[in-house]
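# Structural overview
Residue strings, one per chain:
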Amino acid sequence: MSVTEMTSRTENGIALWDGIRKVTSGAKTVQFDHGLGRTPLIVQVQFSKDDQFDDVDIVQWSWANSHSRGPVSISADTKSVKLHFTSGHVFGSWTPASSWHKYSEGYFKVIAF
C-alpha cells in the first residue's frame, strides 16, 4: 500500500481533505490520516481501477458480499478515516451490460470535510 496523493485545503471556509491509496486483496484496514482536527462531517469513498480516477465507482454498501466485497465498513474519528476489508477481491461493480466485474486491486480515494 502506498500513498499516491494527499491534499488538504480550504474552499469557501470549509476544510477539505482527500487521499488516495492503492489496495490489494486480503482482509485489512486501510487508514487515511486526514488532519482535519475533528471527525469529518461528510465522507465520500471512490474506487478506480487505476490512479487517474477518470472513471470511478462511488462506494456504497454491499449488494451481496460475495460480489461487491469491500470496504465492508467505513469508520471515522478526529484523526483518520478507515476502510475495513474482508478477504477476497477489494471491489466489485455491476452494470446491466457486463454483470459483475471483480477487482483484486485498485485505488480508493477518500474525500472528507
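The shown structure was predicted, so the numbers you read here are calculated from the model rather than taken from an experiment.

A separate point is the layout of surface pockets. One way to see where empty space is left: roll a probe the size of a water molecule over the atoms. Volume-wise, the largest pocket comes out at about 400 Å³. Going through the elements one at a time, strand E4 (43-48), strand E5 (57-58), strand E8 (91-95) and strand E9 (99-103) are the ones with two or more residues in the lining of the largest pocket. By residue number, the principal contributor to the lining of the largest pocket is E8, which donates 5 residues. The class makeup of the residues in the lining of the largest pocket is 10 nonpolar, 8 polar and 4 charged.

Let us now look at unusual backbone geometry. Even without being a glycine, Phe53 presents a positive backbone phi close to 55 degrees. The exposure class of Phe53 is buried, given its relative accessible area of 14%. If you check the backbone angles, Ser99 has positive phi at about 65 degrees while not being a glycine.

This paragraph deals with the pairing of strand E6 (residues 73-76). Where E6 and strand E7 (residues 80-85) come together, 4 bridges link them in antiparallel fashion. Paired with Ser75 across the two strands is Lys82, which belongs to E7. Between E6 and E7, which follow one another and run antiparallel, lie 3 residues.

Definitions and cut-offs
Residues numbered from 1 in each chain as written. Predicted model: local features only at pLDDT ≥ 70, side-chain atom pairs only at ≥ 80, totals over all residues. Heavy atoms only, no water. 1 Å grid on protein atoms, 1.4 Å probe; cavity = no way out; pocket = protein on both sides within 12 Å on 5 of 7 lines; lining within 4 Å. Points joined across faces, edges and corners; volume = space filled by probe spheres on them. Helix = DSSP H or I, 4+ residues; strand = E, 2+ residues; numbered from the N terminus. Nonpolar A, V, L, I, M, F, W, Y, C, P; charged D, E, K, R; others polar. Buried < 20%, exposed > 50% of the residue type's maximum accessible area, 1.4 Å probe, protein only. Pairing = 2+ DSSP bridges.

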